[in-house]
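Inside the fold
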Amino acid sequence: MSAILIIDDELALVRSLSFALKNEGYVVHGAHTGAQGLAAAGTLQPAVVLLDLRLPDMSGLDVLDRLRHDQPELPVIMISAHGDTRAAVQAVKKGAADYLSKPFELDDLFHVIASVLERQRMSSEISFHRQAVVGSGELVGQGVAMRELGDTIGRVAASNSGRVLLLGESGTGKALVARAVHAGSARAAGPFIEVNCASLPEQLIEAELFGAEKGAYTGAHQKRTGLVALADRGTLFLDEIGELPLALQAKFLHFLEDGSYRPIGSGRALDADVRVVAATNRDLAQEVRLGRFREDLYYRLNVIQLRIPPLRERGADIVVLAQHFARRYARDEHCAPIRFADETGQMLLAYPWPGNVRELKNLVERLTILMPGRLIVPSDLPHEITHAASALALRAPSTADANGSAGRPIERQLADAERKLLEDALSRAGGQKGRAAEILGISRHALKRRLQRLGL
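Here is a short report on the structure shown in this document. Being a predicted model, the structure only gives us computed values, none of them experimental.

1. Thoughts on the overall build of the protein
- Looking only at helices and strands, the protein features 20 helices and 14 strands.
- For the protein, restricting intrachain contacts to residue pairs at least 6 apart in sequence, the fraction spanning at least 24 positions comes to 70%.
- By element, 51% of the accessible surface of the protein is carried by carbon and sulfur atoms, the whole surface being about 23,300 Å².

2. Digging into the sheet that holds strand 6 (residues 163–167)
- Taken in spatial order, the 5 strands of this open sheet run 7-8-11-6-12, and their pairing is parallel. Bordering the open sheet on either side are strand 7 (192–196) and strand 12 (304–307), each of which pairs with just one other strand. When strand polarity is set aside, the average angle formed by the axes of neighbouring strands in this sheet is 20°.
- By the bridge criterion, 4 bridges tie strand 6 to strand 12 in an arrangement that is parallel. When the bridges of strand 12 are listed, L166 appears paired with L306.
- Of the strands in this sheet, strand 6, strand 8 (234–239) and strand 11 (274–280) touch helix 10 (residues 246–258), which is tilted by about 140° from strand 11.

3. Section: the nonpolar core
- L236, L238, F252 and F255 are the most contacted members of the largest nonpolar core, which has 31 residues in total.
- Contributing elements (two or more residues each) for this core: strand 7, helix 8 (202–210), helix 9 (227–230), strand 8, helix 10, strand 11, helix 11 (284–289) and helix 12 (295–301).
- Of the residues forming this core, the biggest block, 5 residues, is contributed by helix 10.
- If we ignore the near neighbours within four places in the chain, the residues touching L236 are I193, L227, V228, A231, F252, V274, R275, V276 and V277.
- By size, the runner-up hydrophobic cluster in this structure holds 24 residues, among which are A326, Y351, L363 and L381.

4. So, the packing of helix 6 (residues 144–158) against helix 19 (residues 433–440)
- Contact geometry for helix 6 and helix 19: axes closest at 8 Å, N-to-C directions at 100°. What the angle tells us is that helix 6 and helix 19 run roughly perpendicular. Seen from helix 6, the contacting residues are V144, R147 and E148; seen from helix 19, they are R435, E438 and I439.
- A class-by-class count of the residues in the contact of helix 6 with helix 19 yields 2 nonpolar, no polar and 4 charged.

5. Brief notes about the sheet that holds strand 1 (residues 3–7)
- Pairing is parallel in the open sheet, where 5 strands are placed in the order 2-1-3-4-5. Here the strands that pair on one side only, and so sit at the sheet edges, are strand 2 (27–31) and strand 5 (98–101). Strand after strand, the sheet turns through a mean of 20° between neighbouring axes, direction not considered.
- As paired elements, strand 1 and strand 2 share 5 bridges and run parallel to each other. Looking at the pairing, I7 lines up with A31 of strand 2.
- Against the sheet, helix 3 (residues 60–70) engages strand 1, strand 3 (48–52) and strand 4 (76–80), with an angle of about 155° to strand 3.
- The sheet contacts of helix 4 (residues 85–93) involve strand 4 and strand 5, and relative to strand 5 the element is tilted by about 165°.

6. Considering the pattern of salt bridges
- Applying the stated criterion across every chain yields a total of 18 salt bridges.
- Put simply, D8 and K102 hold a salt bridge, and the shortest N to O gap is 3.3 Å. Here K102 lies in the loop between strand 5 and helix 5 (106–134) and D8 lies in the loop between strand 1 and helix 1 (11–23), a separation of 94 residues in the sequence. The two residues D8 and K102 agree in class, both being buried.
- A single network of salt bridges, built from pairs that share partners, joins D8, E10, D52 and K102.

7. Re the side chain of D380
- Along the polypeptide, D380 turns up in the loop between strand 14 (375–376) and helix 16 (383–395).
- Within polar-contact distance, the side chain of D380 engages the side chain of R374 at 3.2 Å.
- With sequence-adjacent residues up to four places away left out, D380 is seen in contact with L367, M371, R374 and L375.

8. Points about the packing of aromatic side chains
- This structure, assessed with the given rule, holds 8 aromatic pairs.
- Consider the rings of F192 and F237, whose centres lie 6.2 Å apart with planes at 25°: the pair is stacked. Here the residue F192 occupies a position in strand 7, and F237 occupies one in strand 8, the gap between them amounting to 45 residues.
- Taking 5.8 Å as the distance between ring centres and 20° as the angle between the ring planes, the aromatic pair formed by F210 and Y261 counts as stacked. In this pair, F210 is assigned in helix 8 and Y261 in strand 9 (residues 260–261), connecting sequence segments 51 residues apart.
- A relative accessible area of 3% places F210 in the buried class.
- In this structure Y261 comes out as buried when scored by relative accessible area, which is 7%.
- Pairwise contacts between aromatic rings join F210, F252, F255 and Y261 into one cluster.

9. Quick notes on the side chain of S260
- Following the sequence through the fold, S260 ends up in strand 9.
- On the basis of relative accessibility, which here comes to 11%, the residue S260 falls in the buried class.
- A polar side-chain atom of S260 sits 3.4 Å from a polar atom in the side chain of H254.
- A polar contact is formed between the side chain of S260 and the side chain of D258, at a distance of 2.8 Å.
- Contacts of S260, omitting those with residues within four sequence positions, involve H254, F255, L270 and D271.

Analysis parameters
- Residues numbered from 1 in each chain as written.
- Predicted model: local features only at pLDDT ≥ 70, side-chain atom pairs only at ≥ 80, totals over all residues.
- Heavy atoms only, no water.
- Helix = DSSP H or I, 4+ residues; strand = E, 2+ residues; numbered from the N terminus.
- Contact = heavy atoms within 4.5 Å.
- Areas by Shrake-Rupley, 256 points an atom, 1.4 Å probe, with all protein chains shown as cover.
- Pairing = 2+ DSSP bridges.
- Axes fitted to C-alpha atoms, helices over the stretch in contact; angles between N-to-C directions.
- Core = buried A, V, L, I, M, F, W, Y, C linked by side-chain atoms within 4.5 Å.
- Buried < 20%, exposed > 50% of the residue type's maximum accessible area, 1.4 Å probe, protein only.
- Parallel < 35°, antiparallel > 145°, perpendicular 65-115°, else oblique.
- Nonpolar A, V, L, I, M, F, W, Y, C, P; charged D, E, K, R; others polar.
- Salt bridge = Lys/Arg side-chain N within 4 Å of Asp/Glu carboxyl O.
- Polar contact = N/O pair within 3.5 Å; in protein donor to acceptor, adjacent residues only side chain to side chain.
- Phe/Tyr/Trp six-rings, centres within 6.5 Å; stacked < 30°, edge-to-face > 60°.

Pasting the structure below:
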């Protein structure tokens, strides 16, 4: 509930305005001198100040200067008497959010306050999202998969294409890639607005995206600016785009086609210059075939496609990432970073990471909190990780099989599976053994031994 501070020496006016604003759902406080108003602003931290230009102890402009100095983000609406319009305009130039001339209609007052609060909300959200971009860090990893992804992100960010589709499993870092595309683009100085389509109720997602007029639906007590408007001249990141309701898909397609949209309850269309980055862990082509996603929207979104590799395909980057998160969480916890024994690193490499980077982050954060500064040995790891590594060791081909002296069916099956893994890695690496070793997360020498043993 927003608090409003009225600084005016007309007691009857303060009482009547307080009554009217309380009926609109605001919390209202009154002050009758400049000194009282400044003291109240410091203790109450109001959302908006209504400030008269003429006060008994000081000029309203002087109070405005003090407020701007002490609370630069606090919006101030000046109230001027008839004939003081020039002074009110001067106040706006000095930083006032708006002004009203006496006498004024209550509806005009309500409209100005709502507009000022909405601008304040927009400014706060844009500031938050810009900070999120700055503080998001860089993509971590030097493996082949991440180097290729980084090169592609650079080319995509520099392009003029307005639409990018990110594909990848949950937890692979699609939001981080979207921020990297934004940060490397010509729109980097603009806002980066993120929305998870799966986290919003179906009845609210249209208002969240396109905005709504006051009274457009039950609960719409004030005008709402949509995320599309907030993302103007920047990037709108739609995570889990596959969850967008079919009815809204048609409206979003229209926005993609000509950049115009209509807030709920509005009689006029608005325009926004927005780059759209969408992400999904679903097979959208399959969703189209099943009738759950519009084919025309799919092709509109799928101008440039980026696949983010799952963590299990990133080889040695797993340990690099673990060390990166260890340093980050050590800073957060004000402790020395945890370290990983060689055997622990091998177990991290052997684990398939179904939760991808998100799972690894959670593990490192938990270990940092419970074992700050310690050397992490295999017994410190959760059972599912040590169990996976043990199972992999049991499946490893025996020395007898390596020499060709054993012929048990299970060992032949394991050798065939290993052969297929090596062949796939070599194919992906274009025959380059060094790159294939990186993909598999093993050394070039270990790869050479395996290829010789299997006769490849």
